[in-house]
Amino acid sequence: MNKRLRYYLARLGVLALVMGAAYIAWNYWRASNEKSIEERYRFEEVRRADLLQSVTANGTLNPLTLVSVGTQVSGTVVALRADFNDKVAQGQTLLELDATTFRAAVEQSSGEVSNMRSQLKLAMAEEARMHQLFSQEYVSRQELERAIQGRETAQALLRTALGKLARDNANLAYTVIRSPVSGVVVSREVDVGQTVAASFQTPTLFKIAKDLSVMRVDSNVAEADVGKIRVGQGVRLTVDAFPEHKFEGEVQQIRLNPITQQNVVTYNVVVHVQNKDLKLMPGMTAYLNVQIEKRANALLVPNAALRFKPSAKERTEPRKREGSNPAEKPRGRPTTVHVLRLGKLVPVTLAIGIADSRFSEVLSGDIGEGEQVVVEELLSEPSAGGAPQPFRMRVF
């Protein structure tokens, strides 16, 4: 063996020794720095507690009964007898219009009625005289019938005049706007001196809420949730004005008319809310929480545990603990969670029932109260020099 070959063999031997030592050192470093399962994952405990499933929605507060008060005649406002927030009784005067032309029309109609009554009186006297003369054969039947026709015409004209007088009296009465219900004025649309015209459409002058001690919420519920809602279900709601106060209500109606906006279908769910202290005001935005179902002392797992998926190296087939009973046939939605048992992650199949924003009910499955389930994988903290790099050897 020549000298050059021995030189290369010696270098290869040294290189093999160095690489072997580096590999042993790398494995030692990795084993000493690898985190345990408890350090790599965040766990939460399976617990027992009451669970309430609910549907959330937004809506607008409105009075239970809101009456729009208008006018049937046109005119100029000469007096206002009610203002915003005033409590009014049924029949109370709210507003007065200028009645000058209406009074003149009543006077004119009254004169026509008096004239028609005089003409009727004359026609009746003429008819009576013709009857007497006809019985004595001094006049013909034709003249008698003409007198009867004159009396009937006078009666018709009197009825016409009376009808016109009644109409003018009604229009005069309409110049005084009265409240149709007892309640609170929530809106006033006119001022003194303003002219209102009722030619084609009745203008709104006032809006009166009949009773503010009970309010109505018109909410839009998505079609995916509306099937869970029933009339009579309890509702809790909040408003921005009183964020810490919980108001109680009840579902009164689920209207069948769909509302479609940007291809999203919703339905109007009407909720009645008690407002004895009158804190709630019309127009406020209400945030509803409709109570769908409730479970007492249910076995609960965090919703985050249902979404967790382990890495490929941690993934194993679901199995049961030794000695456990056969699992029931799932009654709810099947899913898999990962439980910490004997220092390892064990996948467990569960049947899930109702849920809220944080927890889901366990209907069946090989899991017990107090066990730890994985909810998320924690990110590894990089070293000061960044992520550890594998050992590299410079080739000579």
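Let us look at the structure shown here. (Residues numbered from 1 in each chain as written. Predicted model: local features only at pLDDT ≥ 70, side-chain atom pairs only at ≥ 80, totals over all residues. Heavy atoms only, no water.)

Our next topic: helix H4 (residues 141-174). Taking 1.5 Å per residue as the helical rise, H4 with its 34 residues ought to reach 50 Å, and the 50 Å between its terminal C-alpha atoms agrees with that figure. Within H4, burial applies to Leu144, Ala147, Arg151, Ala154, Leu158, Ala161, Leu165 and Asp168. Among the structural elements, helix H3 (100-135) are those in contact with the buried residues of H4. (Helix = DSSP H or I, 4+ residues; strand = E, 2+ residues; numbered from the N terminus. Expected span 1.5 Å × (residues − 1). Buried < 20%, exposed > 50% of the residue type's maximum accessible area, 1.4 Å probe, protein only. Contact = heavy atoms within 4.5 Å.)

The next subject is the sheet that holds strand S8 (residues 183-188). Two modes of strand pairing occur in sheets, parallel and antiparallel, and in both the strands are linked by backbone hydrogen bonds. Spatial strand order, S3-S10-S8-S5: four strands in an open sheet with antiparallel pairing. Unpaired on one side and paired on the other, strand S3 (66-70) and strand S5 (87-88) mark the two borders of the sheet. (Pairing = 2+ DSSP bridges.)

Turning our attention to the sheet that holds strand S4 (residues 75-80). Taking strand neighbours across the sheet as the criterion, the four strands line up as S7-S6-S4-S9 in an open arrangement whose pairing is antiparallel. Only two strands of the sheet have a single neighbouring strand rather than two, namely strand S7 (176-178) and strand S9 (195-196). Across two bridges, the pairing between S4 and S9 is antiparallel. Across the sheet, residue Gly75 finds its bridge partner in S9, namely Val196.

Here we come to the pairing of strand S10 (residues 204-209). Alignment of S3 against S10, held across five bridges, turns out to be antiparallel. Within S10, the position partnered with Ser68 by the bridge is Lys207.

We now examine the pattern of salt bridges. The final tally for this structure, using the stated rule, is 17 salt bridges. Taking the shortest distance from any N to any O, the salt bridge between Arg151 and Glu127 comes out at 2.7 Å. Of this pair, Arg151 sits in helix H4 while Glu127 sits in helix H3, placing them 24 residues apart in sequence. The same class applies to Arg151 as to Glu127, namely buried. Measuring nitrogen to oxygen at the nearest pair gives 3.0 Å for the salt bridge that ties Asp218 to Arg216. Side by side, Asp218 and Arg216 carry an identical accessibility label, which is buried. Here the salt bridges share partners, and the residues they tie into one network are Arg42, Glu44 and Glu376. (Salt bridge = Lys/Arg side-chain N within 4 Å of Asp/Glu carboxyl O.)

On to the side chain of Thr175. Inspection of the secondary structure puts Thr175 in the loop between H4 and S7. Note on Thr175: relative accessible area 3%, which makes it buried. Looking at Thr175, its side chain comes within polar contact range of the main-chain oxygen of Leu172, at 2.5 Å. Other than its neighbours up to four places away in sequence, Thr175 contacts Val73, Leu95, Glu96, Leu97, Asp98, Ala99 and Phe102. (Polar contact = N/O pair within 3.5 Å; in protein donor to acceptor, adjacent residues only side chain to side chain.)

A separate point is the environment of Val239. Of note, Val239 is situated in strand S12 (residues 234-239). Here Val239 falls in the buried class, since its relative accessible area comes to 2%. The sequence separation of Val239 and Lys279 amounts to 40 residues, and the corresponding C-alpha distance is 10.0 Å. Excluding anything up to four places from it in sequence, Val239 contacts Leu61, Phe247, Leu280, Met284, Thr285, Ala286 and Tyr287.

Applying the stated rule across the entire model yields one aromatic pair. Each ring, one from Tyr41 and one from Phe308, has its centre 5.8 Å from the other, and the planes form 85°; the classification is edge-to-face. Separated by 267 residues along the polypeptide, Tyr41 in strand S1 (residues 41-45) and Phe308 in the loop between helix H6 (303-307) and strand S16 (333-341) bring together distant segments of the chain. Judged on exposure class, the residue Tyr41 and its partner Phe308 are both buried. (Phe/Tyr/Trp six-rings, centres within 6.5 Å; stacked < 30°, edge-to-face > 60°.)

A few words now on H3. Across its 36 residues, H3 extends 53 Å between first and last C-alpha, which sits within 8% of the 52 Å expected from 1.5 Å per residue. Here H3 has its buried residues at Phe102, Val106, Ser109, Val113, Met116, Leu120, Ala123, Glu127 and Met130. Of the surrounding elements, those touching the buried residues of H3 are H4. In the segment just after H3, Glu137 is the residue with positive phi, at about 60°.

So, about the nonpolar core. Counting residues in each nonpolar core, the largest one holds 25 residues, and the members touching the most others are Leu61, Val217, Ile229, Leu237, Val239 and Val271. Taken together, the elements giving at least two residues each to this core come down to strand S2 (47-63), strand S11 (214-222), S12, strand S13 (242-261), strand S14 (264-274) and strand S15 (285-302). No other element matches S15, which puts four residues into this core. Residue contacts for Val217: discarding those within four places in its chain leaves Gly59, Thr60, Leu61, Leu237, Val269, Val270, Val271, Val273, Ala286 and Leu288. The next biggest cluster of nonpolar side chains, apart from the first, holds 18 residues, and it includes Ile177, Val181, Val196 and Leu205. (Core = buried A, V, L, I, M, F, W, Y, C linked by side-chain atoms within 4.5 Å.)

Where S2 and S15 come together, 13 bridges link them in antiparallel fashion. The partner of Gly59 across the bridge, within S15, is Ala286. Bridge analysis of S12 against S15 gives five bridges, and the strand direction is antiparallel. Among the inter-strand pairings, Arg236 is bridged to a residue of S15, identified as Asn289.

Despite not being glycine, Asn85 shows a phi value in the positive range, around 70°. Residue position: Asn85 is located in the loop between S4 and S5. Positive phi values are uncommon outside glycine, yet Leu342 reaches one of about 55°. The residue Leu342 is located in the loop between S16 and strand S17 (344-355) in this model.

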